[in-house]
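Chain and residue survey
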Amino acid sequence: MSYWEQRLAKARSYLKGLDAIMLSSRYNVTYVTGYTGSDAVSVFTDTTSDLFVDSRNTLQAREEAHAQVYEIRKRWEEIYEHLRGLNVKTVGIESNVLDVDSFLQMKNLFVDIQMTPMGGQLKYLRAVKDPSETALIAEAARIAGEALTQVLAAGIVGRREIDVAFDLECAMRRLGASGPSFEIIVASGPRSAMPHGAASEKVIGKGEAVVFDYGSLYKGYASDETCTVFTGEPDAEFAEVYGHVRKAQSLAIDGLSAGVKASVVDRLARDYLEGVGLARYFGHGLGHGVGMEVHEMPVVSHLSKDTLEKGMVVTIEPGVYLAGRFGVRIEDTVLITDNSCKRLTNLDKDSIKVTT
Ligand code: ZN
Ligand code: ZN
């Protein structure tokens, strides 16, 4: 079976008695049909796989899609007629992404077709990656890591965070990325204590912690990595916190394996930080899935109900944030294997990277 046949087969396993499923989220449509553009709806049954686009996207859809392409003008009316033609009585919908206006139109039109909300389940459609996908995530990570290495080598002290972020984005694009996979975080000095400190106009000083959280997008797949570096010789307190965060991350990574509950992995990192009195400065979850989107399933947190499976790609990113002073976050993206994991991000995090 080709990857496309495998994906359609996987999508069909969600039918579970329904006549059809309608996908309207961009990434799930791409995943199942191969069409990478926007504004499309995919409908599949046990025996059919159809893609509905408007005239702006017909050519691209016909080139890319592993599905029957239909050009439509009145989206929901024509999809309804199509469903009736297939004798569909029940259809699963992506209730987590479908907008309310579309839903109200469908509700009026689909009088003899029952809609079943499946958002919570279909979120997991892409959670387990095939080898073609993990190769693209690994390449995105390679590009991003190489780009950061170049930017650090050029020196960051005395420059504004946004200028450094711009250089990082340019370096990623020059190395083959189509862009960053999310808004790059460059947070220096006290700003490093803001877990999502998007790059600002602050000038990076000497003797500061700098958190880089960044990733590239390569052929539709994202990478995600965080490096916390220090400009100049790190002081003892920073070195101590860094060592604890790195240890927490290592313990969590060592605990990764297919069959392990994601909440247990979160606990490994959190319990260690608890033991050294730092858990209360670690407010967010330990990690998340990465794929076409930089945040996707599974959830890796103490509240997660997810169990890790072979082929899932997740981040492990503990952080300690001391308000007004500094923060440390260390993040790698890894592929879950049968009884361990394989790191997809490349930069060394064992020793503090000292930069100028
Ligand atoms: Zn990140
Ligand atoms: Zn992340």
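Provided above is the structure to which this section pertains.
Going along each chain's sequence as written, the residues are numbered from 1 onward. Here the convention is simple: chains get letters from A, ligands get numbers from 1, in the order in which they are written. The model is predicted, so local features are restricted to residues of pLDDT at least 70 and side-chain atom pairs to those at 80 or more, both for listing and for counting; the totals for chains, interfaces and linings are taken over all residues. As a convention, hydrogens and water are excluded, and side-chain values are obtained from all of the structure's heavy atoms.

Looking at a nonpolar patch on the surface
- Judged by side-chain polarity, Val100, Phe103 and Leu104 come together as a nonpolar surface patch covering roughly 260 Å² of accessible area.
- Helical segments are the DSSP runs of H or I of at least four residues, strand segments are the runs of E of at least two, and each set is numbered from the N terminus. Note that Val100 resides in helix H5 (residues 100–109). Nonpolar side chains (Val, Leu, Ile, Met, Phe, Trp, Tyr) are joined into patches within 5 Å and like charges within 9 Å, using only residues with over 30% relative accessible area and no salt bridge. Using a 1.4 Å probe, the Shrake-Rupley method yields the accessible areas, and only the shown protein chains count as cover for residues. A pair is scored as a salt bridge if a Lys or Arg side-chain nitrogen falls within 4 Å of a carboxyl oxygen belonging to Asp or Glu.

Observations regarding helix H10 (residues 262–275)
- Multiply 1.5 Å by the residue count of a helix minus one, and that product is the helix's expected span. Taking 1.5 Å as the rise per residue, H10 with 14 residues should run 20 Å; its terminal C-alpha atoms sit 20 Å apart, in good agreement.
- Classification of residues uses two cut-offs on accessible area relative to the type maximum, computed with a 1.4 Å probe and protein chains only: under 20% is buried, over 50% is exposed, and between them is partly exposed. Those residues of H10 lying buried are Ala262, Ser263, Val265, Asp266, Ala269, Arg270 and Leu273.
- Residues count as neighbours in contact if any of their non-hydrogen atoms are within 4.5 Å of one another. Of the surrounding elements, those touching the buried residues of H10 are helix H9 (236–254), strand S14 (296–300), strand S15 (313–316) and strand S16 (319–322).

A short note on the sheet that holds strand S8 (residues 185–188)
- In this description, strands pair whenever DSSP reports at least two bridges between them. The strand order across the open sheet formed by 4 strands is S8-S9-S12-S20, and the pairing between neighbours is mixed. Bordering the open sheet on either side are S8 and strand S20 (353–355), each of which pairs with just one other strand. Across the sheet, the mean angle separating the axes of adjacent strands is 25° when strand polarity is ignored.
- Pairing of strand S12 (residues 225–231) with S20 involves 3 bridges; the strand directions are parallel. By the bridge assignment, Phe230 is partnered in S20 with Val354.
- Only the stretch in contact is used when a helix axis is fitted, and all axes are lines through C-alpha atoms; the angle between N-to-C directions ranges over 0 to 180 degrees. Along the sheet, helix H7 (residues 131–154) makes contact with strand S9 (209–214), S12 and S20, crossing S9 at roughly 150°.

Concerning the coordination of the zinc ion (ligand 2)
- Looking at the zinc ion (ligand 2), one finds its protein donor set to be Asp224 (OD), His288 (NE2), Glu317 (OE) and Glu331 (OE), positioned 2.1 Å from the metal centre.
- Each donor residue of the zinc ion (ligand 2) belongs to the same chain, and together they define the spacing D-x63-H-x28-E-x13-E.
- The class of His288 is buried, set by a relative accessible area of 9%.
- By relative accessible area, Glu317 is classed as buried at 9%. Listed donors are limited to N, O and S atoms within 2.8 Å of the metal, widened to 3.2 Å for Na, K and Ca; water is not among them, so incomplete-looking sites are possible.

Worth remembering: the numbers are spatial, not functional.
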